[in-house]
Each structure stands twice: as C-alpha cells, then as structure tokens.
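# Survey of secondary and tertiary structure
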Amino acid sequence: MRLTDMLAGLLARFRAPEEIKRESTVLVALHGPQGAWVAARDKRRLAQVVDAQDDARRWNAVMRKIERQTGYLHQPDTATRIAERD
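Given the structure is predicted, the values throughout are model-derived calculations rather than measurements.

Even without being a glycine, aspartate 51 presents a positive backbone phi close to 60 degrees. The residue aspartate 51 is located in the loop between helix H2 (17-49) and helix H3 (53-70) in this model. You can call aspartate 51 exposed: its relative accessible area is 59%.

Pasting the structure below:
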C-alpha cells in the first residue's frame, strides 16, 4: 500500500462529523430508518464496485450514524451474511 493511499484513508476516517450527521439525517427524513440504512448500504456497495474506498468508508460511517441516531439494527439472514463475507 502506498503512503498516499494510507494518508487518504486516514484522512477519510476523520471526516467532519457534521457532514456524516447531515447525510444520515437527510436519509432518515426521506426514507425512514430502515430505508435510510439500505440507501446508504447501496451507495457503499456502489463505491466498492468502482473502487472508491474513501466513499465506501464515508457511507459506512453514515450507516453507523443512522444506527446510532435511530436505534435501527440491520440483521441480515444467514445467506446474506455468508454472501457478504466473501
């Protein structure tokens, strides 16, 4: 892993919490807790497909913020958990 990639990843982890909170609040207002979590998950998956790790981390942070804000806990079934592990 290159130093620039490591630094970019580190900076992405310290992204402004206001931005994450704003994004999660908007998604919850538009879609409700479960819909917001699913929308953020879909955006994270899309970022992973196009190999945009910083965006994937951001959407992962939004998903966690939605869980903390609303108390929504996503509990996938066994087949989904096995498929996501690979």
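The structure having been displayed, the exposition proceeds.
With that out of the way, let us pick up the pattern of salt bridges. The final tally for this structure, using the stated rule, is 4 salt bridges. The closest approach of N and O atoms between arginine 58 and glutamate 23, which form a salt bridge, is 3.8 Å. Taken together, the residues span a long stretch of sequence, with arginine 58 in helix H3 and glutamate 23 in helix H2 at a distance of 35 residues. A salt bridge links aspartate 42 to arginine 41, with the shortest nitrogen-to-oxygen separation between them at 3.2 Å. For aspartate 42, a relative accessible area of 38% corresponds to the partly exposed category.

Another point: H3. Compared with an ideal rise of 1.5 Å per residue, which puts 18 residues at 26 Å, H3 spans 26 Å between its outermost C-alpha atoms and is within 8% of the ideal. Among all positions in H3, only Ala56, Arg58, Trp59, Ala61, Val62, Met63 and Ile66 are buried. Elements that come into contact with the buried residues of H3 comprise H2. Where H3 terminates, the next one or two residues include glycine 71, which has phi positive at roughly 80 degrees.

What follows covers the nonpolar core. Core analysis: the biggest nonpolar cluster contains 12 residues, these being Ile20, Leu27, Ala36, Trp37, Ala39, Ala40, Trp59, Ala61, Val62, Met63, Ile66 and Tyr72. Those elements giving two or more residues to this core turn out to be H2 and H3. Counting residues per element, this core draws most heavily on H2, which supplies 6 residues. Setting aside residues no more than four positions away along its own chain, methionine 63 makes contact with Trp37, Ala40, Arg41 and Arg44.

Here we come to the confidence of the model for the protein. This prediction gives the protein a mean pLDDT of 84; 79% of its residues lie at or above 70. Model confidence for the protein, summarised as mean pLDDT per element, is weakest for helix H4 (residues 78-85) at 68 and strongest for H2 at 93.

The rules behind the values
- Starting afresh in each chain, residues are numbered from 1 along the sequence in its written order.
- Side-chain atom pairs in this predicted model are given and counted only at pLDDT of 80 or more, local residue features only at pLDDT of at least 70, and totals for whole chains, interfaces and linings cover all residues.
- With hydrogens and water stripped out, all remaining heavy atoms of the structure feed into the side-chain values.
- By the criteria applied, helices consist of DSSP H or I runs no shorter than four residues and strands consist of E runs no shorter than two, each listed in order from the N terminus.
- Accessible area is worked out with a 1.4 Å probe on protein chains only. A residue is then buried under 20% of its type maximum, exposed over 50%, and partly exposed in between.
- By salt bridge we mean one thing: a side-chain nitrogen of Lys or Arg within 4 Å of a carboxyl oxygen of Asp or Glu.
- An expected span of 1.5 Å times one less than the residue number is assigned to each helix.
- We call two residues in contact when some of their heavy atoms are within 4.5 Å.
- By nonpolar core we mean a set of buried residues, namely Ala, Val, Leu, Ile, Met, Phe, Trp, Tyr and Cys, connected to one another through side-chain atoms within 4.5 Å.
- Every residue carries a pLDDT, the predictor's confidence in it, which falls somewhere between 0 and 100.

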